[in-house]
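Coordinate inspection notes
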Amino acid sequence: MNLKKPSFFRAATITVALLIAIFILLVILGVVTHSPMGVFIESLFSEEIQFAVRLSIITSVISTLLCILVAVPVAYALARYSFPGKTVMNMLMDIPMALPPLVAGVGLLLFFGVSPIGKSLAAAGLTVVFTPLGIIVAQFFVNLPYMLRVTRATFQSVNPRYEYVAKTLGCTDAQAFWRVTLPMSSNGLLAGSVITWSKGIGEFGAALMLAGATRMKTETLPLSLFLNMSIGKLEYAISAATILIMISIVSLYVFERYGGATHVY
Amino acid sequence: MLTIDSVSKSLGEFTLSNVSLSIGDGEYFIVLGPTGAGKTILLETIAGIYSPDAGRILLNGRDITDVPARDRNIGMVYQDYMLFPHLTVEENIGFGLKSRRADPVFIRGKVEESAELLNISHLLHRYPGTLSGGEQQRAAIARALVMEPEALLLDEPLSALDVKTRESLRVELARIHEATGMTIVHITHNFEEVFDLADRVAIMRGGEVVQVGTPEEIFRRPNSDFVAGFVGVENLFRGMGSSTGTVAVGNLRIQVENAISGPVSVAIRPEDILLSKTALPENEKNVFLGRIDSVRPNGGLVRVFVNTGIPFQVTLTRQGFEEAGIAPGDAVYLAFRPSSAHVYPSGAPEEA
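Remember, it's a predicted structure, so these values are computed and weren't measured experimentally.

The rules we used
- Residues numbered from 1 in each chain as written.
- Chains lettered and ligands numbered in written order.
- Predicted model: local features only at pLDDT ≥ 70, side-chain atom pairs only at ≥ 80, totals over all residues.
- Helix = DSSP H or I, 4+ residues; strand = E, 2+ residues; numbered from the N terminus.
- Buried ≥ 20, exposed ≤ 12 C-beta atoms within 10 Å, placed from the backbone.
- Contact = placed C-beta atoms within 7 Å.
- Pairing = 2+ DSSP bridges.
- Axes fitted to C-alpha atoms, helices over the stretch in contact; angles between N-to-C directions.
- Expected span 1.5 Å × (residues − 1).
- Domains from an automatic or database assignment.
- Parallel < 35°, antiparallel > 145°, perpendicular 65-115°, else oblique.
- Left-handed = near helix turned anticlockwise from the far one by under 90°.
- Nonpolar A, V, L, I, M, F, W, Y, C, P; charged D, E, K, R; others polar.
- Bend = angle between axes of the 7 residues up to and from the residue.
- Core = buried A, V, L, I, M, F, W, Y, C linked by C-beta atoms within 7 Å.

Notes on the overall build of chain A
Along the backbone of chain A there are 13 helices and zero strands. Listed by position from the N terminus, the elements making up chain A come as α-α-α-α-α-α-α-α-α-α-α-α-α. With the C-alpha coordinates of chain A rotated into their principal frame, the extents come out at 75 × 65 × 30 Å. Counting every position in chain A, which comprises 265 residues, the buried fraction comes to 40%. At a minimum sequence separation of 6, the contacts of chain A that also span at least 24 residues come to 78%.

Here's what the structure looks like:
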């Protein structure tokens, strides 16, 4: 590339990039600077927003932990072993990511609401439909593919010969995993968990379908934003939006910072 | 004693077919072959990473074919070291003893002993990422040795290193072998490593062992064009053998010790050939008149290319070359003993 002679093409592409960057910045600033500081602080400490923050954190932390718990063994199996049906399984597990969350939510609602499995779960006391538990289930279902993909890629990036050596040094398969592969994957797992958590906290469509939008019951931050917007309590909606923006930016930073390091091994 | 008895293994594009090897106690055994010959699968099968589709593996009389890797007591060192990056050198070396739940004080003592043997005592607190290639390879060897394995497997241990480090580690491997008396199986595609280290060599190709012998045997008496080509036999001629012990190559009749009829290859080491400007007795066997095409000095040696109708390469010492007083264009007599002409049946033509 010749830096001394400015080319029209170079100038044009950079200009488009710059315009888009400015557009994104304006949109975000528009939200966070909308309310006067006093009003923002006041709504932030209102009972309703406090409830939404608490519910969002509890549900997203639990759903993220569930995602990790399930994604680690599944991703390991998909990354390391070959078995019949693996290709189909791989595809199936990506589907929830491609589905519109509302569709995922309808599916979950039918499964937990009217299917025999759902009914017996409800009879056993695990009521998922229109409860906070439904929020966790919706977040888990929609976000598992993200955790799975990051985890699978992370495990794949660890040369299996590390495990081979560990086995010649006296490890069982499980010990080789715990002592070698898992610690070597810690950056990728951290990055995956953060992005999963951040997506969980912002989950709206599937949660709305499965858990409903009941004020002070299933009201997470995105649902609070939706509810308050629809009744015109703009400052509450803005508070919820601002918190979500902050969470997104921090998560993105952590993901880029640690997710980028997974290729090292 | 490590015995590989008719082992076969298929892993997609890499295979082992009916491999049998018998490696003696304390032997330094090198498996040589081009990339894709199945060398690494052989090693990983011996280590217990894969179980063979057929055949048995015996270690010191014990059938270990179905014993998991962790219970085989066989050490493994890879070309790319495979040091655990999240552990210090000390933790890496002590990894195996910790798996066996050894006492921490005992582990520490063993780790220090092993590190001392490899001259890496000053690196124990470091992480692998901060070490040079040679240092990492030493740490990987120490990690295997500390377990006092019954056999040590080395997968191209020198290939990833720069020339100077490779030299010093080669010397080190010979020293460790000497000091520990360990049975070592070392795989490589580099023939140079063979002469310095190996007691015996196996040549592999396409998942099969094609020849086993001492380096000298392999080098002087290759049993196929593939082996001859792979170890770099310079004078290799195809010809027609007769039952009287001659081989017709072009217009020459080469006398050989072993009479083989039919299509054969003849291999003659370039240092086994004599050159002379003055006529050699006619009754001598294998005396041919030729003309010097070119002369190429190579360190303390001189390579002389002689055309006798077929092209010969002759290696002389520098002194021998000067005493012969020969130059390109000169007519020379070329002679070698029938015992220096190694002959083997050569089937269909194939690329080396």
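Section: the overall build of chain B
Helix and strand counts for chain B come out as nine helices and 20 strands. Principal-axis analysis of the C-alpha atoms gives chain B an extent of 80 × 45 × 30 Å. Burial analysis of chain B (352 residues in total) assigns 42% to the buried set. In chain B, of all internal contacts separated by at least 6 residues, the share reaching a separation of at least 24 is 66%.

Considering the sheet that holds strand β3 (residues 28-32) of chain B
Residue and element names in this part refer to chain B. Pairing is mixed in the open sheet, where six strands are placed in the order β6-β7-β8-β3-β9-β10. Across the chains shown, the open sheet's two edge strands, defined by having one partner strand only, are β6 (74-77) and β10 (208-213). In this sheet, neighbouring strand axes are inclined to one another by 20° on average, regardless of whether the strands run parallel or antiparallel. As paired elements, strand β9 (residues 200-205) and β10 share five bridges and run antiparallel to each other. Each residue of the ladder has a partner; that of Val-201, found in β10, is Gly-213. Contacts from helix α4 (residues 133-145) reach β6 and β7 (151-155) within the one sheet, and its direction differs from that of β6 by about 170°.

Some thoughts on helix α9 (residues 173-184) of chain A
Residue and element names in this part refer to chain A. Compared with the 16 Å implied by 1.5 Å per residue over 12 residues, the 15 Å span of α9 between its first and last C-alpha is a close match. Within the sequence span of α9, burial applies to Ala-176, Phe-177, Arg-179, Val-180, Thr-181 and Met-184. Buried residues along α9 sit against α3 (47-80), α7 (132-156) and α8 (160-168).

Let's talk about the pairing of β7(B)
Residue and element names in this part refer to chain B. By the criterion of burial, β7 is predominantly enclosed, with five of the five residues buried. Neither face of β7 is left uncovered, since the one carrying Ala-151, Leu-153 and Asp-155 and the one carrying Leu-152 and Leu-154 both have all their residues buried. Of the pairings in the sheet, the one linking β6 to β7 comprises four bridges and is parallel in character. Residue Val-77 lies in a different strand from β7, and its bridge partner there is Leu-154. As paired elements, β7 and strand β8 (residues 183-188) share five bridges and run parallel to each other.

So, the domain arrangement of chain A
Domain boundaries assigned for chain A yield domain 1 (1-33) and domain 2 (37-264). One C-alpha centre belongs to domain 1 of chain A, the other to domain 2 of chain A, and the line joining them spans 33 Å.

A short note on the domain arrangement of chain B
Residue and element names in this part refer to chain B. Domain annotation for chain B reports domain 1 (2-225) and domain 2 (226-345). Look at where the C-alpha atoms of domain 1 and domain 2 centre, and you get two points 39 Å apart. Contact with domain 1, which involves 14 residues of that partner, is made by 13 residues of domain 2. When residues of the side of domain 1 that touches domain 2 are traced back to their parent elements, those giving at least two are β9, β10 and α7 (215-220).

Regarding unusual backbone geometry
With a phi close to 60°, Met216(A) is a non-glycine residue in the positive phi region. Among the structural elements, Met216(A) can be located in the loop between α11 (205-211) and α12 (221-230). Owing to 12 C-beta atoms within 10 Å, Met216(A) belongs among the exposed residues under this scheme. One non-glycine residue with positive phi stands out, namely Glu148(B), at about 50°.

Section: the packing of α4(B) against helix α5 (residues 163-180) of chain B
For any two helices packed against each other, one specifies the inter-axial angle together with the distance between the axes. Residues and elements named next belong to chain B. Packing of α4 against α5 brings their axes to within 10 Å, and their N-to-C directions diverge by 25°. Accordingly, the angle class assigned to the pair α4 and α5 is roughly parallel. Like other packed secondary-structure pairs, α4 and α5 cross with a definite hand, here right-handed. In this structure, α4 contributes Gly-133, Gly-134 and Gln-137 to the contact, and α5 contributes Thr-165, Ser-168 and Leu-169. Partitioned by chemical class, the residues of the contact of α4 with α5 number one nonpolar, five polar and no charged.

Some thoughts on α7(A)
Residues and elements named next belong to chain A. Along its 25 residues, α7 runs 35 Å from first to last C-alpha, staying within 8% of the 36 Å computed at 1.5 Å per residue. Considering bend angle alone, the principal kink of α7 is centred on Asn-143 and spans about 45°; proline Pro-145 follows within four residues of it. Burial analysis of α7 places 20 of its 25 residues in the buried class, which makes it a mostly covered element.

Brief notes about the pairing of strand β16 (residues 287-298) of chain B
All names here are of chain B. Pairing analysis gives five bridges linking β16 to strand β19 (residues 331-335), with the strands arranged antiparallel. Counterpart to Val-287 in the pairing with β19 is Ala-335. The pairing of β16 with strand β17 (residues 301-307) spans seven bridges and is classified as antiparallel. Following the sheet pairing, Pro-297 is matched in β17 by Val-302.

Notes on the packing of helix α5 (residues 101-113) of chain A against α7(A)
Residues and elements named next belong to chain A. Running from N to C, α5 and α7 cross one another at 125°; their axes reach a closest spacing of 10 Å. Looking at the two axes, α5 sits oblique to α7. Judged by the sense of rotation from one axis to the other, the crossing of α5 with α7 is right-handed. In this structure, α5 uses Pro-101, Ala-104, Gly-105 and Leu-108 to contact α7, whose residues at the interface are Val-137, Ala-138, Phe-141 and Val-142. Split by residue class, the contact of α5 with α7 holds seven nonpolar, one polar and no charged.

A look at the environment of Leu161(B)
Residues and elements named next belong to chain B. Mapping Leu-161 onto the fold places it in the loop between β7 and α5. C-beta crowding within 10 Å serves as the criterion here: with 19 such atoms nearby, Leu-161 is assigned to the partly exposed category. Along the backbone, Leu-161 and Ser-132 are 29 residues apart, and their C-alpha atoms lie at a distance of 9.3 Å. Other than its neighbours up to four places away in sequence, Leu-161 contacts Gly-133, Gly-134, Gln-137, Arg-166 and Leu-169.

Some words on the nonpolar core
Side chains of a nonpolar character, in soluble globular proteins, are inclined to be buried together. In this structure, Leu108(A), Ala138(A), Leu210(A), Leu153(B) and Val266(B) are the most contacted members of the largest nonpolar core, which totals 162 residues. No other element matches the 13 residues that α7(A) contributes to this core. Each residue touching Leu210(A), except ones within four places of it in the same chain, is listed here: Gly105(A), Leu108(A), Leu109(A), Phe112(A), Val128(A), Val129(A), Gly134(A), Val137(A) and Ala138(A).

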